[in-house]
Amino acid sequence: LGAEPADRYQDRRLGEYAPAVRSLPAGSKVLFLWEPRSYLCPVTVLCQPDAFLYNWRYLLHRTGGDPAAAAADLRAAGYTHLLVYSGGLRFFTEPPNVEAEPQHVQALLDLAARDATLVVGAPLADTLALPPAQAAGRGYVLYALHGTP
């Protein structure tokens, strides 16, 4: 007990998840996409994990598949950021696990390009362009939504 600092232990055991969650800005409200955990979410941040891995599909369903409407819906609900597990997204774009259909992925890429700013990580399009074996386990991307405090 105490043989290694907590941050180093968390980084070693949780991989890129730990530093991604530690990078969440105080006072933010964050929607997680393709990440069911909210472990380590700071008490100063409101984190909405993706427990059923359907946060994005449900948001698109509610907003008619329109990325601009999805961004407006997120802002109206008080969300300031999106934390996307890009390896999880990539997993769900490949057979036999295709649950993130091409139009859903394109809507997310459109939202990221028009309604958000990349804060941490590699752009989603970069991960999606990789062969599946290289994308597996790829990290987290934090986007700040435009027009939020």
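## As for the state of the cysteines
- Inspection of the entire model under this criterion finds one disulfide.
- One disulfide in the model links Cys41 with Cys47; its S-S distance is 1.8 Å. The chirality of the disulfide connecting Cys41 with Cys47 is right-handed, given an S-S dihedral of about 70 degrees.

## Section: the pairing of strand E3 (residues 81-85)
- Extensive coverage of E3 is indicated by the burial of five of its five residues.
- Here E3 shows a buried face lined by His81, Leu83 and Tyr85 and a second buried face lined by Leu82 and Val84.
- Two elements, strand E1 (residues 29-33) and E3, share four bridges in a ladder whose sense is parallel. For Leu33, the partnering residue across the bridge sits in E3 and is Val84.
- As defined by bridge partners, E3 adjoins strand E5 (residues 140-145) across five bridges and the pair is classed as antiparallel.

## Some points on the packing of aromatic side chains
- Under the defined criterion, the tally for this structure stands at three aromatic pairs.
- A centroid spacing of 5.7 Å and a plane angle of 70 degrees characterise the contact between Tyr17 and Tyr140, whose relative ring orientation is edge-to-face. One end of the pair, Tyr17, is in helix H2 (residues 17-22); the other, Tyr140, is in strand E5, with 123 residues separating them in the sequence. Tyr140 carries the same exposure label as Tyr17, and that label is buried.
- With a centroid separation of 5.1 Å and 85 degrees between ring planes, the pair formed by Phe91 and Phe92 is classed as edge-to-face.
- For Phe91, a relative accessible area of 45% gives the class partly exposed.
- Members of the aromatic cluster, connected to one another through ring pairs, are Tyr17, Tyr85 and Tyr140.

What counts and what doesn't
- Residues numbered from 1 in each chain as written.
- Predicted model: local features only at pLDDT ≥ 70, side-chain atom pairs only at ≥ 80, totals over all residues.
- Heavy atoms only, no water.
- Disulfide = S-S within 2.5 Å.
- Buried < 20%, exposed > 50% of the residue type's maximum accessible area, 1.4 Å probe, protein only.
- Helix = DSSP H or I, 4+ residues; strand = E, 2+ residues; numbered from the N terminus.
- Pairing = 2+ DSSP bridges.
- Phe/Tyr/Trp six-rings, centres within 6.5 Å; stacked < 30°, edge-to-face > 60°.

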